[in-house]
Amino acid sequence: FNKIILQADDSFKEAISSIDTGSDLIGLEIKQNSMKFITETTFGDDIIEVTQDSKIVDIFSYTTPVRNKYKASFIKQGLKPLSFSQKMSMQVDSRDFLCIQHRVLTEGEGQAFIEFYCVPDTEDSD
């Protein structure tokens, strides 16, 4: 499976918050050197790209190309904890299930993980 661990810094949070909220689906494309979030708008595709060599990428473990669409409402729920996350992990398994995991600090010196799973949208108009 593919696994990408990102620093939840302000620039990434700002980029993710700019995802078009009017889209029903959000595309996720993972290639050997990058990960893209893609939404279709009336003016064309809106793309947010994170490259393998970006300063916010801790781990970019690539095994196979991924190109799926997921319900935007699910992705948005999975990204909500980003505002208080230290790191975020995105994994896509062999069934194309997307796991979004956030590492957050708890009171004291502890940490916790919040996970969201999304299944790919099967109605693809391509």
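Values in this document were obtained by computation on a predicted structure and should not be read as measured data. (Residues numbered from 1 in each chain as written. Predicted model: local features only at pLDDT ≥ 70, side-chain atom pairs only at ≥ 80, totals over all residues. Heavy atoms only, no water.)

The next thing to look at is the nonpolar core. If you look at the biggest cluster of nonpolar residues, it comprises 28 residues, and the most contacted ones within it are Leu-6, Leu-28, Met-35, Phe-37 and Leu-98. Once residues lying within four places of it in the same chain are set aside, the contact partners of Leu-6 are Phe-12, Met-35, Val-50, Ile-56, Val-57, Gln-86, Lys-87 and Met-88. (Core = buried A, V, L, I, M, F, W, Y, C linked by side-chain atoms within 4.5 Å. Buried < 20%, exposed > 50% of the residue type's maximum accessible area, 1.4 Å probe, protein only. Contact = heavy atoms within 4.5 Å.)

It is worth spelling out the environment of Ser-54 at this point. Here Ser-54 lies in the loop between β4 (44-51) and β5 (57-61). Looking at Ser-54, the relative accessible area reads 23%, which means it is partly exposed. Each C-alpha atom of the pair Ser-54 and Leu-6 lies 9.3 Å from the other, and the pair is 48 residues apart in sequence. (Helix = DSSP H or I, 4+ residues; strand = E, 2+ residues; numbered from the N terminus.)

A separate point is empty space enclosed by the protein. Counted by the stated rule, this structure contains one cavity of 30 Å³ or more. Put simply, the largest cavity is a space of about 40 Å³. Taken together, Ile-19, Asp-20, Phe-37, Ile-38, Thr-39, Asp-46, Ile-47 and Ile-48 form the lining of the largest cavity. Class assignment for the residues of the lining of the largest cavity results in five nonpolar, one polar and two charged. (1 Å grid on protein atoms, 1.4 Å probe; cavity = no way out; pocket = protein on both sides within 12 Å on 5 of 7 lines; lining within 4 Å. Points joined across faces, edges and corners; volume = space filled by probe spheres on them. Nonpolar A, V, L, I, M, F, W, Y, C, P; charged D, E, K, R; others polar.)

Right, let's talk about the sheet that holds strand β2 (residues 25-31) for a bit. Judged by pairing direction, the sheet is antiparallel, and its four strands sit side by side in the order β4-β3-β2-β6 without closing on themselves. Looking at strand neighbours, the two that pair on one side only are β4 and β6 (66-71), the edges of this open sheet. Pairwise comparison of adjacent strand axes, ignoring direction, gives a mean angle of 20° for this sheet. With five bridges joining them, β2 and strand β3 (residues 34-41) adopt antiparallel strand pairing. Paired with Gly-27 across the two strands is Ile-38, which belongs to β3. Contacting β2 and β6, helix α2 (residues 72-79) runs over the sheet at an angle of about 90° to β6. (Pairing = 2+ DSSP bridges. Axes fitted to C-alpha atoms, helices over the stretch in contact; angles between N-to-C directions.)

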